[in-house]
Amino acid sequence: MTKKMLGLTTSLAMMMTAPLASAQSMAELEAAAKAEGMLSTIALPHDWCGYGDVIAGFKAKYPEITVNELNPDAGSADELEAVKANKDNKGPQAPDVLDVGLAFGPQAKSEGLTQAYKVATWDEIPDAIKDAEGHWYADYYGVMSFLVNTDIVENVPQDWADLLKPEYAGQVSLAGDPRASNQAILGVLAAGLSTGAAAGEEAGKAGLEFFKALNEAGNFVPVIGKTGTLAQGTTPIVIMWDYNALAARDTLAGNPPVEVVVPKSGVLAGVYVQAISAYAPQPNAAKLWMEYLYSDEGQLGWLKGYCHPARFNAMAAAGKLPADLMEALPPAESYEAAYFPTLEEVDANKAAVVGGWDAVVGANVQ
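Predicted, not measured: the structure shown is a model, and the values here were computed from it.

Criteria and cut-off values
Residues numbered from 1 in each chain as written. Predicted model: local features only at pLDDT ≥ 70, side-chain atom pairs only at ≥ 80, totals over all residues. Heavy atoms only, no water. Helix = DSSP H or I, 4+ residues; strand = E, 2+ residues; numbered from the N terminus. Rg over C-alpha atoms; globule rule 2.2 N^0.38 Å. Buried < 20%, exposed > 50% of the residue type's maximum accessible area, 1.4 Å probe, protein only. Lys, Arg positive; Asp, Glu negative; His and termini not counted. Charge placed at Lys NZ, Arg CZ, Asp CG, Glu CD. 1 Å grid on protein atoms, 1.4 Å probe; cavity = no way out; pocket = protein on both sides within 12 Å on 5 of 7 lines; lining within 4 Å. Points joined across faces, edges and corners; volume = space filled by probe spheres on them. Phe/Tyr/Trp six-rings, centres within 6.5 Å; stacked < 30°, edge-to-face > 60°. Lys NZ or Arg CZ within 6 Å of the ring centre and 35° of its normal. Salt bridge = Lys/Arg side-chain N within 4 Å of Asp/Glu carboxyl O. Expected span 1.5 Å × (residues − 1). Disulfide = S-S within 2.5 Å.

Q: Would you explain the overall build of the chain in this entry?
A: Across its full length, the chain carries 13 helices and 10 strands. In terms of overall size, the chain behaves like a compact globule, its C-alpha atoms giving a radius of gyration of 20 Å where 366 residues would be expected to give roughly 21 Å. Based on the C-alpha atoms only, the size of the chain along its principal axes is roughly 60 × 45 × 40 Å. In the chain, which comprises 366 residues, the proportion classed as buried is 57%. Positive and negative side-chain charges of the chain, numbering 23 and 45 respectively, have mean locations separated by a distance of 3 Å.

Q: Help me understand the layout of surface pockets in this model?
A: Over the atoms, a rolled probe matching the size of one water molecule traces out where space is still vacant. Put simply, the largest pocket is a space of about 580 Å³. Along its surface, the largest pocket is lined by 28 residues, and Pro-45, Trp-48, Asp-73, Ala-175 and Gln-183 are the ones closest to its centre. Where the lining of the largest pocket is concerned, the elements lending two or more residues are helix H3 (76–85), helix H5 (182–194) and helix H7 (227–232). It is H3 that contributes the most residues to the lining of the largest pocket, three residues altogether.

Q: So what exactly am I meant to see when it comes to the packing of aromatic side chains here?
A: Between two aromatic rings, the relevant description is the distance of the centres plus the angle of the planes. Within the structure shown, the criterion is met by 22 aromatic pairs. Relative to Tyr-243, the ring of Trp-48 has its centre 5.7 Å away and its plane inclined at 70 degrees; by these criteria the two rings are edge-to-face. Of this pair, Trp-48 sits in the loop between strand E1 (38–42) and helix H2 (51–61) while Tyr-243 is found in helix H8 (residues 242–252), placing the two residues 195 residues apart along the sequence. Overall, Tyr-243 belongs to the buried group, its relative accessible area being 0%. Here the aromatic residues Trp-48, Tyr-51, Trp-122, Tyr-137, Tyr-140, Trp-241, Tyr-243, Tyr-272, Tyr-294 and Trp-302 are joined through ring pairs into a cluster of three or more. Just above the ring of Phe-104 sits the side chain of Lys-350; from NZ or CZ to the centre is 3.7 Å.

Q: Before we go on, may I ask you to explain the pattern of salt bridges in this structure?
A: Side-chain pairs of opposite charge can arise where the charged atoms are in close proximity. Evaluation of the coordinates by the stated rule reveals 16 salt bridges. Linking Lys-205 and Glu-201 is a salt bridge whose minimum nitrogen-to-oxygen distance equals 3.0 Å. Of this pair, Lys-205 and Glu-201 both sit in helix H6 (residues 201–216), four residues apart, which is roughly one turn of the helix.

Q: Please clarify how H5 should be interpreted in this entry.
A: Residue pairs spaced three or four apart in an α-helix point in one direction, given the helix's 3.6 residues per turn. Between its terminal C-alpha atoms H5 stretches 18 Å, which fits the 18 Å expected from 13 residues at 1.5 Å a residue. Looking at H5, one finds that the buried residues are Asn-182, Gln-183, Ala-184, Ile-185, Leu-186, Gly-187, Val-188, Leu-189, Ala-190, Ala-191, Gly-192 and Leu-193. Count one or two residues on from H5 and you reach Gly-196, which has phi positive near 100 degrees.

Q: Even after reading the chapter, I still don't get the state of the cysteines, so can you show me in this structure?
A: Each disulfide consists of a covalent bond between the sulfur atoms of two cysteine residues. With the rule as written, the count across this model stands at one disulfide. With a sulfur-sulfur separation of 2.1 Å, Cys-49 is cross-linked through a disulfide to Cys-307. Linking Cys-49 in the loop between E1 and H2 with Cys-307 in the loop between helix H10 (296–304) and strand E10 (308–309), this pair joins segments that are 258 residues apart in sequence. Assigned by exposure class, Cys-49 and Cys-307 land together as buried.

Q: Would you take a moment to explain unusual backbone geometry for this structure?
A: Glycine aside, negative phi is the norm for most residues, and most peptide bonds take the trans geometry. For the peptide bond that leads from Asn-255 to Pro-256, omega is 0 degrees, which places it in the cis range. Tracing the chain through its elements places Pro-256 in the loop between H8 and strand E8 (258–261). Here the phi dihedral of Cys-49 falls at roughly 60 degrees; this positive angle occurs in a residue that is not glycine. Of note, Asn-71 is a non-glycine position whose phi angle comes to about 35 degrees, a positive value.

Here it is, written out as structure tokens:
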């Protein structure tokens, strides 16, 4: 599994002595961030990738800094819009930091919405999933899965094609609006990959056709699938990242019983990235947040939340991954067939899905 991350090699050297992009020392950065006294995050649900504990860890380490959590359920596109809408606003509604899907990092940079910053452990983030100038950088990844309410679903689907069967009428949903949510956009890509289509525009279009068929069969539910809607029976099958599905399983604790399935085909790995807003009201707190996220403590916080952190390979080689956290993840063989799309493929898929969903599928997900 440690060899799967984009097929890349990562530096094994610890880079804690590397200079910060701002040339500040860590002590100076901490002092400046404490003086600002606040950090505004956006789109960080506590059950997503262990963020509840990660935020709590940051608060415990820096009690002088208040964490202002904006719109936890926002999608990647919503995050960029929040930055745009608050360019001239230095108040609490302006996000300091972003956590968005891979395709949204370069978009944010091209639109002038980000500022460059390189954390101390920069060299342990694989080159293919970070901006060379430091405008965005990978934080974690997972694979697309099915979260299934087994109280309602008798025969648990094992692959994408199964979802088209009549027995799943009115049961299948996406965990977001595929016109704005990175998770949902890549859910469509995964479905397209399962048909044998090549990653990128071809798989995006094939995925749209898959969901068109799913919708026409009456199996697709145009409701954003969440733990609550799954438990209520509104969306008994939700297509979502494995780490979100596993967190939901823990939250539900058997009421209702659920199963998390990594499909046999179309096993898609998805990378998310961090960035600092170009208009961040608290830029030093934003930088300190990034230093925390990419420290060993922050990376292990994400691993505890069932995510594979960006420094996974380097930390594995250095013996820094606790056995109990590794054992809590799905079996390594579940990831063996995982495909990591290139940035170009992710961009091409995003354009196809966002641009074609209404015309091809026609389901207003909300």
